Amino acid sequence: MPDIEYILGHMNYWLFTVLMMTGLYIVVAKGNLIKKIVGLNLFQTAVFMFYISLGKVTGGTAPIFPVDMEIDPSVAYSNPLPHVLILTAIVVGIATTSLGLALIVRIREEYETIEEDEILKIETDLVHVENKILGEAMGGRA
Amino acid sequence: MATEHVHVARTLMDHLPVLVVLVPFLAAPLTVLLGSQRLAWPIAFVSSLVSFLISIKLLMQVIDGGVISYHIGGWAPPLGIEYRIDAANAFVLLLVSAIGTIVMPYTVQSIKSEISERHHTLFYTMYLLCFTGLLGVVATGDAFNVFVFLEISSLSTYVLVAMGAKADKRALTAAYDYLIMGTIGATFFVIGIGFLYAGTGTLNMADIAAHISTNGADRTIETAFAFIVVGMGLKVAIYPLHLWLPNAYTYAPSAVTSFLAATATKVAIYVLLRFMFSVFQPDFLFEINALRWIMIPLALVAMFAASLIAVFQSDLKRMLAYSSIAQIGYILLGIGLLSATGLSGAIVHLFNHGITKAALFMGVGALVLRSGSSFYARIEGMGKVMPWTSFAIVIAGLSLIGVPGTAGFISKWVLVQAALEQGWWPIALAVVASSLLAIIYVWRVIEVLYMAQPADPTRREAPLSMLIPLWIMALSTIWFGLDTDMTMSAARAAADGLLNGFSIGGTSVGH
Amino acid sequence: MDTNTAILLTMVIPAAASVGNLLLRNHANLRDGMTLGAAVATFLTVLVILSNVGNGTTAPLVLFEVFPGLDIAFNVEPLGLMFAIIASGLWILTHIYGVGYMRGNNEDNHTRFFASFALAIAAVMGLAFSANMFTLFLFYEMLTLSTYPLVAHKGTPEAISGARTYLGILMGTSIALLLVAVIWTYTIAGTLDFTTGGILRGHIAGPMVALLLGLYAFGIGKAALMPFHRWLPAAMVAPTPVSALLHAVAVVKAGVFTMLKVGIYIFGIDFLAETGASEWLMWLAAYSIIAASIVAMTKDNLKARLAYSTISQLSYITLGMALATSMGALGGGLHIAMHAMGKITLFMCAGSIYVATHKTNISQMNGLGRIMPITYGAFLIGALSIIGLPPLGGSWSKWLLMVGAADAGQQVMIAVLMLSSLLNVAYLLSIVGRGFFWPAASDAEPVKIAESPVLVWLPPALTAFGCLVLFFYATDIRDFLMPIVGGTP
């Protein structure tokens, strides 16, 4: 039975989990393509937070060398590596978002909607038409 | 048996592990900067050819069990990024770069009809980026680097798939769905790496492995394992996570599909293998025996369900996409057997299925070029008007079934042998039974191609620039079905290397 | 000529002829002449091997090493050499007949037809000279694939569905059962080389032997053992030269040849006899013999009747192997030759009747014998050889099989063979009887000799003569085959 201190002590993980699940839920549940991208962003951001909180050392300061390069061993520094990694991940995230939005623009041009169910209906109709034409040409073999 | 060459940068030859990735990576922006449609293809072709030659050279160096460790910028691992070439990834590098190079001449005519004119230059840029990403994922020995390269290849793949929109607007939604699924997968993967980092304090794969083997696995590492397997499972299209694949393969331009089908999922499988066997190591896998009881059933379901769906398709391209899901099932089965034979079966099938599917999708592209669609109704009787294309499809189709004398047979043989070695009769029978479904779906295509009158007898054979790559692939399915010296010895070396983990080379890391 | 070169040539010549057919598709006479030349050349090459090796066994010629200890390799041994002689010799006659038939009957797609035909022969040659089960399996599948276009030749819905059954059963059984059997053998024995006396001794025991034999017996679908015989009647939609090829020259003979090879060189006759693993197979073969004969009697379509007759006769050979005695195996081997000669005669005659009159049903063929005396004469001789009456070749193989059954102490099997002969009389001679003695459908027409074209009736006449000749050389063939069971003549 974890006590309250344990729960609070892992606050960053709780927040990460809640944020991540919220994002994932939006991606799955929302029919609007843009909202899906927003959900995806939340989801990714949660992961960024997770990484950054990993690098935090209690009482640690920013990992920057003093100007005189003399390091005081009593000073604790936070781990810089996760931050650096997340810089890369943020760039990837932005690229993904912009590509996703660009695709939505093109989808809007072609389908004249960005609602998933309407797109699905258009595509189902397309398949029906295809099957009707090409199925008959197959002589019933399709 | 293995010796590790610790990198001391002197000559160009020493830089091969990074050059294989760097050449296409630098060529990609070059095509955009020059902005010339005429120059884009030669640049892309030459750079992929260079990567291909380097891959051959690298495989030669490591096929006897050696390992090349290359330190980026001279920073020694585990702090610096390490590129680590052993038999397993040299083999996959060769597959990726060979397919990438051979598909190149094919693209010229193929994209003319399937991609709008103004995108041609960008097509080559994206192609090169995707190529770079795939090679990078394979070459690197750094866990986070895998994620970065994975995203480079994925993002360019989404664009490439979306370029099919000229022929069918559904390419856009296919690309969008792929983007959502792919990003979720990649993010899962990166969460897994985060947990690994939290558990071990390092990102170098060899170092993580060393840490796990000395300190054992705790719950953080088990969580990492779960996230990585699920994340990669999405990219691999393991059965219930395969939903993005059929549409993406169907609506992408044919040249893209030929390239992706042969490489993208295969690279993802490689990553899965690398993490499962090298990073987490077999002891860990045996400990969580559940993996075997999850992976094998899923593989079996994929082999039968996807094959059955393939039987009922009426579009050749879509049929092949479902067949890919089924064939991935074979590979997972080989992995799930957790034995040296099973693993080498999986690796050799990864290669054999790669060349087989590349040939088939190239054939489809040639048919689409002349008939405008890959629906069975549209390609009826094409055996008469396009005999070369159709016959190459037949050869590759036979390899898909696993007829003796073709590459597909070799991998099925090894898989059945692996199952029998462990006395798993039902598995062996399942492999052959699923081949029977393959006979049905391949034979439907052959009947469509040959047993009907062509709708338009005036259609011509595909141009030589498509036929030659197609036939190189088709003939190599036969060649690798007879002469298995290269493929099997590489697969065995790779399997041994993976099963031994990094334990051999692990000591010299950090020079 | 070097024997190894000759072995390769027997495969390369037909394969080259196949490609040549495609290249010469616009020059019909040149194309057919070239193929005839290739057929003769193949036959002569096989004869060169015969004169070089006699009934000895050569060391394997390795082309590729596919897996450790598993090569694509060829060698010469008596059974395979005999099969190669039969197949290449009959290819010459079948080709002549095929040219006559295809032209006389105005069939389409001659090029595809002859190209696939030549490729099938190449596969048969590879099969005959295979030095191990792996190589044999390779060519076994190649044979299935190369004959598929022949069965589907007409392109009609019936032809396509017949070809589907053909391919489905042959590939299905070979991949689902035979492949498993082969890999199993390799896993336990570590080799697949054909070795006199077998390779399985000491690696497997008990009921597993019978199970493995079952995988082989049913996996070799080409041997048409019931219940996997459906493909043979289904393949009857093909043009008659194909039926001749399927039944007499290549496909079914490849099946029973494989069956014998497995029995003799993988299991070993003695091993089978010791374990008694083949006893069930013997009973199944006996059942196949009788049941297929009875079904044959009910068929009115001539080719369908002959097809069921083939199923019955093939089981003779399987029976010979399953008896697990030297005489039985020899009888089976001899029956490959005898049945090939007899059955090809019958099929060519059926085709000859079809070309001349376009009749396929036996009930329509009353009185035809008086109009086509040569065809019907040849048919009579072929039928008598199948029945097993002296002085025709078929009598010897049946005799040897009976001796084999007696050696094995299976008197019931002698009775089965006798009963089968009686059934043969009933379903084969009735056709001849109708032809010669029943009144023609329309009595008004005066009886006038109207044979089919010479290219169509000459080959069956020659093979009928061959049945007669084989009677006098049967002992030589038996002595020739003796080494396969480890004996000396």
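**Student:** Looking at this structure, how should I read the overall build of chain A?
**Tutor:** In terms of helices and strands, chain A carries five helices and zero strands. Computed over the C-alpha atoms, the radius of gyration of chain A is 25 Å, more than 25% above the 14 Å expected from 2.2 N^0.38 for a compact globule of 142 residues. If you line up chain A on its principal axes, its C-alpha atoms span 85 × 45 × 30 Å. Expressed as a percentage of its 142 residues, the buried residues of chain A come to 21%.

**Student:** What is the right way to read the overall build of chain C from this model?
**Tutor:** Of regular secondary structure, chain C possesses 19 helices and two strands. A globule of 489 residues ought to have a C-alpha radius of gyration of about 23 Å, and chain C, at 21 Å, matches this closely. For the C-alpha atoms alone, the extent of chain C along its principal axes is close to 75 × 55 × 40 Å. A buried classification covers 63% of the 489 residues belonging to chain C. Long-range contacts, defined as pairs at least 24 residues apart, comprise 81% of the intrachain contacts of chain C with a sequence gap of at least 6.

**Student:** When you look at the interface of chain C and chain B in this model, what are you seeing that I'm missing?
**Tutor:** A common way to report how large an interface is uses the accessible area buried once the components associate. The interface of chain C with chain B comprises 22 residues on the first partner and 22 residues on the second. Sorting the residues of the side of chain C that touches chain B by element identifies β1 (61–67), α5 (133–151) and α6 (157–189) of chain C as the ones contributing at least two each. For the side of chain C that touches chain B, the element with the most residues is α6(C), which contributes 11 residues.

**Student:** Is there a simple way to think about the interface of chain A and chain B in this case?
**Tutor:** Each partner contributes residues to the interface: chain A has 30 residues there, and chain B has 29 residues. Looking at the side of chain A that touches chain B, the elements that each hand over two or more residues are α3 (33–55), α4 (81–111) and α5 (116–137) of chain A. Take the side of chain A that touches chain B: its biggest share by element is 13 residues, from α4(A). When the residues that make up the side of chain A that touches chain B are grouped by side-chain class, the tally is 21 nonpolar, five polar and four charged.

**Student:** How do you make sense of the pairing of strand β2 (residues 67–71) of chain B when you look at a structure like this?
**Tutor:** Residue and element names in this part refer to chain B. The element β2 is extensively covered by neighbouring structure, given that five of its five residues are classed as buried. When β2 meets strand β3 (residues 82–85), the two strands line up antiparallel, connected through four bridges. Each residue of the ladder has a partner; that of I68, found in β3, is I85.

**Student:** Sorry, what's going on with the pairing of strand β2 (residues 70–74) of chain C here?
**Tutor:** Strand residues, when the strand is regular, have side chains that alternate between the two faces of the sheet. Residue and element names in this part refer to chain C. Counted residue by residue, β2 has five buried out of five residues, so it is predominantly covered. Residues of β2 alternate between two faces, with L70, I72 and F74 on one and D71 and A73 on the opposite face, all of them buried. Note that β1 and β2 share five bridges and pair antiparallel. Bridge pairing in β2 places L61 opposite F74. Count of turn residues in the β1/β2 antiparallel hairpin: two residues, of which G69 carries a positive phi of about 75°.

**Student:** Please clarify how the domain arrangement of chain A should be interpreted in this entry.
**Tutor:** Residues and elements named next belong to chain A. Each assigned domain of chain A is listed with its residue range as follows: domain 1 (4–58 + 74–111) and domain 2 (115–142). Here the C-alpha centroids of domain 1 and domain 2 sit 38 Å apart. Its residues assigned to classes, the side of domain 1 that touches domain 2 comprises two nonpolar, two polar and no charged.

**Student:** Help me understand the arrangement of the chains, please; the structure alone is not making it clear to me.
**Tutor:** Taken together, the two pairs of chains in contact show their highest number of contacts between chains A and B. In this view chain A stays clear of chain C, with the nearest C-alpha atoms of the two still 11 Å from each other.

**Student:** Explain the nonpolar core to me, please; I cannot follow it from the model alone.
**Tutor:** Across soluble globular proteins, you tend to see nonpolar side chains buried next to one another. Of all hydrophobic cores here, the largest spans 448 residues; its most connected members are B:F91, B:V161, B:A175, C:A87, C:V124, C:L143 and C:A250. By residue number, the principal contributor to this core is helix α6 (residues 170–200) of chain B, which donates 19 residues. Excluding anything up to four places from it in sequence, C:A87 contacts C:I121, C:V124, C:A128, C:V249 and C:A250.

**Student:** Even after reading the chapter, I still don't get the environment of C:G219, so can you show me in this structure?
**Tutor:** All names here are of chain C. By the secondary structure assignment, G219 is in helix α7 (residues 207–219). With 25 C-beta atoms counted inside 10 Å, the residue G219 sits in the buried group. Contact partners of G219, with chain neighbours within four places excluded, come to T173, S174, L177, L178 and A181.

**Student:** Whenever I open this one, the confidence of the model for chain A confuses me. Can you help?
**Tutor:** The predicted coordinates of low-pLDDT regions are not to be read in fine detail. Residues and elements named next belong to chain A. In the predicted model, chain A carries a mean pLDDT of 84, and the fraction of residues at 70 or more is 93%. Mean pLDDT across the elements of chain A bottoms out in helix α1 (residues 4–9) (78) and peaks in α4 (92). Across residues 137–142, where pLDDT falls below 50, the model places 10 contacts with residues more than four positions away in sequence or in other chains.

**Student:** Can you help me understand unusual backbone geometry in this one?
**Tutor:** Residues apart from glycine generally show negative phi values, whereas peptide bonds are mostly found in trans. In this structure, C:P227 follows C:M226 across a cis peptide bond, with omega equal to 5°. For C:P227, the position within the fold is in the loop between α7 and α8 (231–234). A positive phi angle is found at B:L338, which is not glycine, with a value near 50°. Structurally, B:L338 can be placed in the loop between α13 (316–336) and α14 (340–371). The backbone phi angle of C:A224 is positive, close to 55°, even though this residue is not glycine.

**Student:** I tried to follow the packing of helix α8 (residues 219–236) of chain B against helix α10 (residues 254–279) of chain B on my own but got confused; where do I start?
**Tutor:** Helices that pack against each other are described as a pair by the angle of their axes relative to one another and the distance between those axes. Residue and element names in this part refer to chain B. Contact pair α8 / α10: the axes reach a minimum separation of 8 Å and the direction vectors enclose 160°. Compared by their axis directions, α8 and α10 come out roughly antiparallel. Pair α8 / α10 crosses with left-handed handedness. Mapping the contact onto sequence places I228, V229, M232, K235 and V236 in α8 and T265, A268, I269, V271, L272 and F275 in α10. In terms of residue class, the contact of α8 with α10 is made up of nine nonpolar, one polar and one charged.

About the criteria used
- Residues numbered from 1 in each chain as written.
- Chains lettered and ligands numbered in written order.
- Predicted model: local features only at pLDDT ≥ 70, side-chain atom pairs only at ≥ 80, totals over all residues.
- Helix = DSSP H or I, 4+ residues; strand = E, 2+ residues; numbered from the N terminus.
- Rg over C-alpha atoms; globule rule 2.2 N^0.38 Å.
- Buried ≥ 20, exposed ≤ 12 C-beta atoms within 10 Å, placed from the backbone.
- Contact = placed C-beta atoms within 7 Å.
- Nonpolar A, V, L, I, M, F, W, Y, C, P; charged D, E, K, R; others polar.
- Pairing = 2+ DSSP bridges.
- Domains from an automatic or database assignment.
- Core = buried A, V, L, I, M, F, W, Y, C linked by C-beta atoms within 7 Å.
- pLDDT = per-residue confidence, 0-100.
- Axes fitted to C-alpha atoms, helices over the stretch in contact; angles between N-to-C directions.
- Parallel < 35°, antiparallel > 145°, perpendicular 65-115°, else oblique.
- Left-handed = near helix turned anticlockwise from the far one by under 90°.

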